[in-house]
Structure formats: structure tokens, C-alpha cells
Protein chains: 2
Amino acid sequence: MLNKLASRTSDISPFYVMELLRRAKQLESQGRDIIHMEIGEPDFPTPQAIIDAAAKSLQTGNIYYTPAAGLPELREKIAAYYQAQHSVTIDQKRIFVTPGASGAFLLALAASVNPGDEFLMADPCYPCNGNFIKLFGGIATALPVDATMGYQLTEGLIRRHWSQSTKGVLIASPSNPTGTLIEPEIFKECIHAVTDKGGCFFSDEIYHGLVYGKQAPTALEFSSNAFVINSFSKYFGMTGWRIGWLIVPDEFVEAIEKLAQNMFIATPTLSQNAALAAFDADTLIELEKRRAEFATRRDFLYDALVQLGFEVPNKPDGAFYIYANCAKFTDDSYQFALDLLEEEGVAVTPGKDFGSHLAHQHLRFAYTTSVGRMAVAVQRLERFINRI
Amino acid sequence: MLNKLASRTSDISPFYVMELLRRAKQLESQGRDIIHMEIGEPDFPTPQAIIDAAAKSLQTGNIYYTPAAGLPELREKIAAYYQAQHSVTIDQKRIFVTPGASGAFLLALAASVNPGDEFLMADPCYPCNGNFIKLFGGIATALPVDATMGYQLTEGLIRRHWSQSTKGVLIASPSNPTGTLIEPEIFKECIHAVTDKGGCFFSDEIYHGLVYGKQAPTALEFSSNAFVINSFSKYFGMTGWRIGWLIVPDEFVEAIEKLAQNMFIATPTLSQNAALAAFDADTLIELEKRRAEFATRRDFLYDALVQLGFEVPNKPDGAFYIYANCAKFTDDSYQFALDLLEEEGVAVTPGKDFGSHLAHQHLRFAYTTSVGRMAVAVQRLERFINRI
């Protein structure tokens, strides 16, 4: 009898938060009021102009395949967006519309990971990023980073850990779970260090747009040899549409096109037609209002958590997460999260979903719910920690 | 300097038909009339009830992520469809809604292919199937099959080629490119042979529903240990929506769920809501009309090709393809296809997109265009072969 399950299936860690979600749903079905601060999904609906564009496209009934790389008009709009936002000129042929950032990661890593290749990233970081690497037989080495480094890699760290088998580096800015940005100068140094080594640089920019009071540069400002992964999910409010994009170095264009044809055929047509409206002036005005609301939420939650005694050394500059040190209350943040849910109906994500470095002392709070709801959550949290 | 491109990128063959498509578009932009018989996409628009369901779902604006395995209501409907069509009872937890059959293949193979594992399939077959295996470091061994075997594998072939490193078998029925079905008895023997060996059996059933005058059993009628890959693209007319499904053996449920969360997050929400209407009685009546039209087209094209001197030993029973032997006219079907396009504006797919066994003597004709247009194509084809 063969062992049927591929060995990679045991290398890929489950999301612990799924256990919490399951329990949260159970409690809700029993009539309990649960405040969801575990979810990495904005609570805002998709902007109306995007919905309208989809409705118009629907009426034609012609929802056929698009080219594998995406609708030319959409690739053009993405290029124009980089020109407008970052003053970088990108050849359209380097831009691939993908089924979410997930599709972008799948393509980028299928094209660059040979079995045994090592990739460096930060610990903590979003767990899927490492899992995509493992999927193709690569090794994801997560380097411990802390608040003094803004939870981001540095050139020194990269050079110190670069070995014979290192193939590339992945940086996510704003970071999930910490919401921190990498300093532009350090970002540039990291990219150049990787370029020097002839490695692949992956820049996860899916929280671009959701940055408060600072500017997040794209890796493309520093090098045309970086892979950039981005998404319509977060800033543009299109999570369930599963559409993102990938920008690749010139030498990868042909391979990525071939892989996209084979792996996806194409990105959903309706989502692409809808996304054509994402860059409209009216949509952007609406999205900027939402960004202001996220900033308000961040300020509220940050102040409240610090007040309660959580340590948040870096007030986050982006995304919609606060990664809070809860060592004052527990040395087992997963149990803390389970108990908090059970006793007070507040769902948060345990640190161990994002790595192992000080994971048991951390919790991720998502401010993807209103200030009003968060105020209730904070009261409950206070009651909870006063009991322990 | 590292070699940045992963080696799998050179293992994965390009689609030759893409070259033809590019040229066809060029010619069209010059005003030439091109008849497209190369495309594996039905020309019928998505059925109205499906469009309406999507429109209704759109109006809510709530296009958030669904569970990774898909909407429970949709999984339930898929289970009910198997009950109604095939009298098999499938536990809903074994059914995963996926981003197209592409997503189903990615999941099934990520969960079962270890590097070096060999999988047996027919030559000719759809090229992506082998490429999915290579993506995860597996070896796709395509066994030559011919008309006397209905272009399908047999138990004998499987047993003869099963080696230490063989992990599984893939059968596609109806087959792309040949449109042939595997005989139920042979199908059953193949599945049991693989089960005996403790291997994985993958049944590509994406052309189910598009079968003319026969019944295509599902692998699940013979074993609950088969993987079944299916899609809303072909029979249900939902190509650009990127939605399909995967049914897995019990022991794979947990691993597939974890992989789906990591690789896709979820299948597009709108496509799932739309697909809820795919099994409605009215939709099925419309789809049955289309099936009858495909049968008429098949009969027309089969008769015409045979008349012209192409050899089609097995009149196909399903899908929308005829795999025709053109040895009477050429020993280089790719060049034949290029010249046919250039001189007469008829686009067909060369055999070498489907393998190497007698590939240069074959062309695939898709009857995804009307009888009227095909009649013009046949005239042009006649003129073309009379000149060579």
C-alpha cells in the first residue's frame, strides 16, 4: 500500500484561526454575539462603480475566457496606476492579471522555485507565503524580526543568512500581521543585496493603498527585477472576486505566460471587467474615504490596546492589523484566544498562525469592524483580562 | 549568477495552438474572415438563469470570501446532481468547489504528487493534465493509445506499465482531443487495477453532460477512492466564470481543505452564487437543447471530414472535438494547420499539442461554431487539400 498523501501536505501548517472560526460559528448559531476581529477581510462592500461595471458586463451574457495574462485594457490601467502613483513605467507585457494574490504567488513561485531552493522571509509573516514556497519543494526560512526592526528584514540579515541554496527573499510591506512598513532606504538596500546575489526578490504589496500618513514605495521604484504581488482584494474591496496581479522581470515573461495558460487558463472574466472600474476617479474617492475610516479605527484600537496593557511598540502604518504583545497576560496566546472567544465572544488570531518567533506572546487584532463594535470588544477584553 | 527560472518551466510545453491564435488575430485585424475551429470553448453564452442568479447576488454588493471548500448550498446541489444522474451518494465533505477544473487538478495533484512519482495517462490527451503533474515534480508518462482502443487506456496497459515509481493513473472520458468515451467495463477494470495497487485514480470528467447517444458513467460508480475532476465550464456554459469541482477520497479531505485555504482562499463568490442556478430544471432544459445542437454539429462535421478523406476511425461520442488523421494529405499536421490558416482562414489545432503518438498525422477540429460556419470551413478545406 502506497502512502497516498504527498509529503508536502504535512509540511503545510493548518491555520489555527480556523479552529476559532469554527467555534465562533457554533457559538453564533447558539445565539451568542461574536465580535470578529480575526478576519483579514474589509467589512466594506465592493464599491458601487465596480458592481455596476460587473452588472453591465453580465448583461451581455458573454462571459468567455480572456487571454491568460488578462484583458489588455486592464493591464494597461494597472500600468497607468503605477505611473500615476509611483512614477514608474512598466511594460504591459510584464503585468499579469491573476486569480487573486494567491494566483500571483502560485505563478511567481512555480516559475522560480526548484526543489531545495531556500527563500528568506520575516517571522512573523503571513503563513501562506511560506506555504506557496513549500508547495513547489522550496524551503521557507523565516528569520526572527522584532519591533526594533519594524518587524521587517534588513540587508544585514539577508547577507548574513544567504547561503549556497538561497534563491530569493520575500518582503511584505505593509506586513501582515504587524501592519508595519519597511523603511524605503532599507527596502532599497534589501532589493539591491538580493539583486547582487543574482537572486529573486518578491515584494508582497497586497496592502498597498491601505497606508496611513506615510507612503509605501513599490519595489519597482528600486529595481525592474523584482516580482511584485498585488491584489484588488484589500484596498479595492474585491475579496470574493479573486483578482490580483503580478509584475515580473522581463526574463520571466514567457515562462509566466506558459504557466498561467496551464495553471488557470485565465482569471475570472467578470472580475476583470469589474476591476476596469477600480481605478475610476469616483471609485478612488470612495476608497480614500474608507482609508480614512481605517486610520480612525487603527487609532482607536491602538490606543485602547495600549491602555489595557498590551504592548504595541510599533504603531502600525498600514494594512488593518495590530500585532499586540500579550505577555503581560499569558504565555499561551492561542489558549488566550480560545478562552476570550468562549467567555466573551471576541475572536482574534493567535500569533502562532504567523510563525514561531515570540508567537505565543502575540495576538493579531484586525480592525475590519466598526469603532462601535470594537468599543464593545474592548470592554469585553477588559473584563476578560481583569479576571485572569 | 543563479539560473533564476525554475527547471519545471522548461519541462512544460507551450501550446502550439497559441501561435496559430496569434496569427489568426493578426489576420482578423487585417480584415480577413477566420473560422475558429481551434477553440475548446462552447460558443453558447452562459444560460440566462445563471446570469440572473449572478445579477441578483451582485445587487447585494456583498461579494466576500466563501469557505475554502465552497458554499455549502452549492456542494449540496452537486451531491444531489450525482444522486440524480448516477445514483451515487457522496458525502458533501468530499466535494470541493474549485476555481475551474484547473483548480481541481492543482489541488488533487498538490495533495498526491511527490517529486519523482509517475502517473500514467493516454497519448493523445489534454496537455495541461500532464503539466499539472510536472508542476509538482511528478513524471507524466503518456502511453500511446489508438483508435482500436477508443484512444483510452486499458487495464492491461496499466498493469504492464505500472512500476515501483508509479503513483497513479489519469483517464479523461470523454477525451480531449478525441471525444471518445472509455467503455464502462474497461473503466471499471482500470479503476480496480489502480485501487489494487494502492494508487491514486484521477477521472477527468469535465466533458460530462456533452455526450451524444451514450451514457458516461462517473468513476464514483465504481469506487469511492477515485478523484473526480469536473467543471461548470463546458456543459453548463460557464467558461469565463472559472468554477469547477473536485471530489476526493475520504482520507484526502483534510489535506485538500488545507491546500485550498492556502492556494486559493476560495473560489469566486459570484461564480458560486451563479452556479447555484446551474442545476435548475429550466437551465437543464436549455442545456439539453444545446447538447442536441452539438450532436447535430458533430454529425455534420464527422460526415464532411470523412468525405474529404480524413480518417476518423472512431466517431466521437462526446465533448466537441473530432481528432482526424490527415496522413493522406501531410506528414506535418502543424505546418498543415499553419498553411490552412494562412491560405484559407480556417484555424484548427495541431496534433502535437496533445502528445507525440502519431501527433504529426492528426488535427483536432472543434465544433464550437455553427453548422453554417462549419459548412464554409469545409468548402475552404476542400479547396485547400485539392491544391496540395
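Residues numbered from 1 in each chain as written. Chains lettered and ligands numbered in written order. Predicted model: local features only at pLDDT ≥ 70, side-chain atom pairs only at ≥ 80, totals over all residues. Heavy atoms only, no water.

Looking at an unreviewed UniProt entry, one finds chain A named Aminotransferase and attributed to Methyloglobulus morosus KoM1. The heading Cofactor (unreviewed entry) in the UniProt record of chain A holds the text "pyridoxal 5'-phosphate". Taken directly from UniProt, the Sequence similarities (unreviewed entry) text for chain A runs: "Belongs to the class-I pyridoxal-phosphate-dependent aminotransferase family." (UniProt positions renumbered as here; feature names shortened; annotations may be inferred.)

1. Re the domain arrangement of chain A
Residues and elements named next belong to chain A. Annotation of chain A at the domain level lists domain 1 (7-45 + 282-387) and domain 2 (48-279). If you average the C-alpha positions of domain 1 and of domain 2, the two centres end up 25 Å apart. On the side of domain 2, 40 residues touch domain 1, which itself brings 35 residues to the contact. Both faces combined, the contact of domain 1 with domain 2 buries some 3,200 Å², and carbon together with sulfur accounts for 58% of it. In terms of surface lost to domain 2, no three residues of domain 1 exceed Asp317, Phe354 and His357, which account for 19% of the buried area on that side. (Domains from an automatic or database assignment. Contact = heavy atoms within 4.5 Å. Buried area = accessible area lost by both parts, 1.4 Å probe.)

2. A few points about the UniProt feature "domain: Aminotransferase class I/classII large" (unreviewed entry) in chain A
UniProt records the feature "domain: Aminotransferase class I/classII large" (unreviewed entry) at residues 33-381 of chain A, using the numbering of this structure. Helix makes up 39% of residues 33-381 of chain A and strand 15%. Its end C-alpha atoms lie 14 Å apart. (Helix = DSSP H or I, 4+ residues; strand = E, 2+ residues; numbered from the N terminus.)

3. Quick look at the relation of the copies chain A and chain B
Superposing chain A onto chain B takes a rotation of 180° combined with a translation of 0.0 Å along the rotation axis, leaving an RMSD of 0.0 Å. Both copies are brought into coincidence by an operation consistent with a two-fold rotation axis. Looking at the interface residues of chain A, 100% of them are also at the interface in chain B, so both copies use one shared face. (Least-squares fit on C-alpha atoms with pLDDT ≥ 70 in both.)

4. Things to note about the sheet that holds strand E3 (residues 118-123) of chain B
Residues and elements named next belong to chain B. Read from one edge of the open sheet, 7 strands run E2-E8-E7-E6-E5-E3-E4, paired in mixed fashion. If you trace the sheet from one side to the other, it starts and ends with strand E2 (95-98) and strand E4 (139-144), each paired once. The sheet shows a mean angle of 20° between the axes of neighbouring strands, taken without regard to direction. As paired elements, strand E5 (residues 166-172) and strand E6 (residues 200-204) share 5 bridges and run parallel to each other. By the bridge assignment, Ile171 is partnered in E6 with Ser203. (Pairing = 2+ DSSP bridges. Axes fitted to C-alpha atoms, helices over the stretch in contact; angles between N-to-C directions.)

5. Thoughts on the interface of chain A and chain B
Taken together, the 75 residues of chain A in the interface contact 75 residues of chain B. For the chain A and chain B pair, buried surface summed over both sides reaches about 6,000 Å², with 59% attributable to carbon and sulfur atoms. Broken down residue by residue, the surface that chain A buries against chain B is led by Lys4, Tyr65 and Asn262 of chain A, which jointly contribute 13%. We note a salt bridge from Glu251 of chain A to Lys4 of chain B, for which the minimum N-O separation is 3.6 Å. At the boundary of chain A with chain B, the tally comes to 34 residue pairs in polar contact (both at pLDDT 80 or more). Counting residues per element, the ones that place at least two in the side of chain A that touches chain B are helix H1 (8-11), helix H3 (48-60), helix H5 (100-110), helix H6 (127-135), strand E5 (166-172), helix H9 (253-263) and helix H10 (269-275) of chain A. It is H9 of chain A that provides the largest number of residues to the side of chain A that touches chain B, a total of 6 residues. Here the side of chain A that touches chain B is built from residues that sort into 41 nonpolar, 24 polar and 10 charged. (Salt bridge = Lys/Arg side-chain N within 4 Å of Asp/Glu carboxyl O. Polar contact = N/O pair within 3.5 Å; in protein donor to acceptor, adjacent residues only side chain to side chain. Nonpolar A, V, L, I, M, F, W, Y, C, P; charged D, E, K, R; others polar.)

6. Thoughts on the packing of helix H2 (residues 16-29) of chain A against helix H12 (residues 333-344) of chain A
All names here are of chain A. Where H2 contacts H12, the two axes come as close as 10 Å, and the packing angle between them is 10°. By the angle between their axes, H2 is roughly parallel relative to H12. On the side of H2, the interface is formed by Tyr16, Glu19, Leu20, Arg23, Ala24 and Leu27, while H12 contributes Tyr334, Ala337, Leu338, Leu341 and Glu342. Looking at the contact of H2 with H12 residue by residue, the class counts come to 8 nonpolar, no polar and 3 charged. (Parallel < 35°, antiparallel > 145°, perpendicular 65-115°, else oblique.)

7. Quick look at empty space enclosed by the protein
Evaluation of the coordinates by the stated rule reveals 8 cavities of 30 Å³ or more. The calculated volume of the largest cavity comes to roughly 140 Å³. Taken together, 17 residues line the largest cavity, and the ones lying closest to its centre are Pro99 and Phe264 of chain A together with Pro99, Phe264 and Pro268 of chain B. Among the elements of the structure, H5 of chain A together with helix H5 (100-110) of chain B are those that each provide at least two residues to the lining of the largest cavity. Considering each element in turn, the lining of the largest cavity owes the most residues, 3 residues, to H5 of chain A. (1 Å grid on protein atoms, 1.4 Å probe; cavity = no way out; pocket = protein on both sides within 12 Å on 5 of 7 lines; lining within 4 Å. Points joined across faces, edges and corners; volume = space filled by probe spheres on them.)

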